[in-house]
2 protein chains.
Amino acid sequence: MIHISNEDIDNFHHVYRINLINSCSGYKSANLLGTKSVDGIENVAVFSSVTHIGSNPPMLGFFLRPTTVMRNTYENLKSTGFYTINHIHKSILEEAHHTSAKYDSEISEFDKTTLNSEYKKSFQAPFVKDTPLQLAMEYVEEYNIKANNTILVVGKIVEIHVNEELLEDDGFINLSKADVATINGLDAYAIPKQNKRFGYQRPK
Amino acid sequence: MIHISNEDIDNFHHVYRINLINSCSGYKSANLLGTKSVDGIENVAVFSSVTHIGSNPPMLGFFLRPTTVMRNTYENLKSTGFYTINHIHKSILEEAHHTSAKYDSEISEFDKTTLNSEYKKSFQAPFVKDTPLQLAMEYVEEYNIKANNTILVVGKIVEIHVNEELLEDDGFINLSKADVATINGLDAYAIPKQNKRFGYQRPK
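Residues numbered from 1 in each chain as written. Chains lettered and ligands numbered in written order. Predicted model: local features only at pLDDT ≥ 70, side-chain atom pairs only at ≥ 80, totals over all residues. Heavy atoms only, no water.

**Observations concerning the overall build of chain A**
Looking only at helices and strands, chain A features five helices and 14 strands. Seen through its C-alpha atoms, chain A measures out along the principal axes to roughly 55 × 50 × 30 Å. By the burial criterion, 61% of the 204 residues in chain A qualify as buried. In chain A, the share of contacts with a sequence separation of at least 24, taken over all contacts with a separation of at least 6, comes to 59%. About 8,000 Å² of surface is accessible on chain A, with carbon and sulfur atoms providing 45% of the total. One way to put it: in chain A the 20 positive side-chain charges average out to a point 6 Å from where the 25 negative ones average out. (Helix = DSSP H or I, 4+ residues; strand = E, 2+ residues; numbered from the N terminus. Buried < 20%, exposed > 50% of the residue type's maximum accessible area, 1.4 Å probe, protein only. Contact = heavy atoms within 4.5 Å. Areas by Shrake-Rupley, 256 points an atom, 1.4 Å probe, with all protein chains shown as cover. Lys, Arg positive; Asp, Glu negative; His and termini not counted. Charge placed at Lys NZ, Arg CZ, Asp CG, Glu CD.)

Structure (structure tokens):
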């Protein structure tokens, strides 16, 4: 085993450090967040920090820094109150990852990639068309993480759109059936297969 | 596509709802958190919510409810200030998942599974022996998520222990080389392979 100390981490070149620290939490979710500005400009951006917070009420969170490429997403969801979470799957990996490029707010990533927007009923934020699992989200609250000035955004799931074949009898959504991606670090994507379920555990 | 409304979610049987909502955020990290109580009782528990918060300083977060099985982990890390994050890999899936069973605080999951604890230098929290990536963590702060009374625990990485073959030249830790697991929903585990890196993106 290689031992990396706190001092080593502090002294690494910043590119080495962001690769290292971003890959050491484990596999991450691979999502495209869709928003629309009050001026009607659509935005779509890749996020790997969407995390389950609770199922009743159904809540998810994600982390962002106020001064990065994710800023358009944040400004749009704050001003409109709504956003979408769309799962990245095998056939759109490269286009999805490209949304991490720092485009100005007047440019839509839908115009710079082959990704297409899609609207459902009266929900105002754009979904990403042809993704196997799409969530309509409503902004609930946010927390400023003092330790590094990151923001945790908490949202409520107001609608789920899921490919019929993924949804199993007990409510489990089998992501592997849709070739949904997972992210390792900043830029590595994999398509997990052959998941194995172990069920609810009781003490022996 | 199946459309599931907010009302549908509210009206589902609670088991169906927790399966559905827990599997709709995407793939999750698969970690064992190791702690030791002030009375010297070791605890190890599976978590799927460890998430990257920032790389400088190196910070990770995870979510927990104060009244579930995770309580021992929380009480121990609050009273001692330290915990470990250990990656679940292919050969310990079933044992790792069993730590989700609700054991009393005086019982160590290390005694109820084949998992073994391991200590390094002066760090007081137990690591899980033979895991390919182990993080020594220091408690920093916590946030009470008002929306559902969940707690976000924020910790700093103070040491990284990683199998040499996983660490690539640019700092990237290649989890697939160690058969590290990812979690879908509450109880499905997969071992991602063949990740593909896309690099840093600039506007076209």
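Resuming the write-up.
**Comments concerning the environment of Leu175(A)**
Residue position: Leu175(A) is located in the loop between strand 11 (150-162) and strand 12 (182-184). As a C-alpha pair, Leu175(A) and Lys204(A) span 29 residues in sequence and 30 Å in three-dimensional space. Not counting chain neighbours up to four residues away, the residues in contact with Leu175(A) comprise His87(A), Leu133(A), Val180(A), Ser23(B), Gly26(B), Tyr27(B) and Asn184(B).

**Points about the relation of the copies chain B and chain A**
Once turned by 180 degrees and shifted 0.0 Å along the axis, chain B lies on chain A with an RMSD of 0.0 Å. Both copies are brought into coincidence by an operation consistent with a two-fold rotation axis. Within chain B, the C-alpha atom positioned nearest to the axis of rotation is that of Pro192(B), 2.2 Å from it. (Least-squares fit on C-alpha atoms with pLDDT ≥ 70 in both.)

**Quick word on the packing of aromatic side chains**
Across all of its chains, the model carries twelve aromatic pairs over all chains by this definition. Centroid distance Phe82(B) to Phe123(B): 5.3 Å. Interplanar angle 80 degrees. Geometry classified as edge-to-face. With a gap of 41 residues between them, Phe82(B) in strand 7 (residues 82-87) and Phe123(B) in the loop between strand 8 (117-118) and strand 9 (127-128) connect regions that are remote in the sequence. Using a relative accessible area of 24% as the deciding quantity, one classes Phe82(B) as partly exposed. Summarising the aromatic geometry, the rings of Phe123(B) and Phe127(B) are spaced 5.8 Å apart at their centres and angled 40 degrees between planes, so their arrangement reads as tilted. We classify Phe127(B) as buried; its relative accessible area is 0%. In this structure an aromatic cluster arises from ring pairing among Phe47(A), Phe62(A) and Tyr83(A). Directly above the ring of Phe127(B) sits Lys120(B), whose terminal nitrogen or CZ lies 5.4 Å from the centroid. (Phe/Tyr/Trp six-rings, centres within 6.5 Å; stacked < 30°, edge-to-face > 60°. Lys NZ or Arg CZ within 6 Å of the ring centre and 35° of its normal.)

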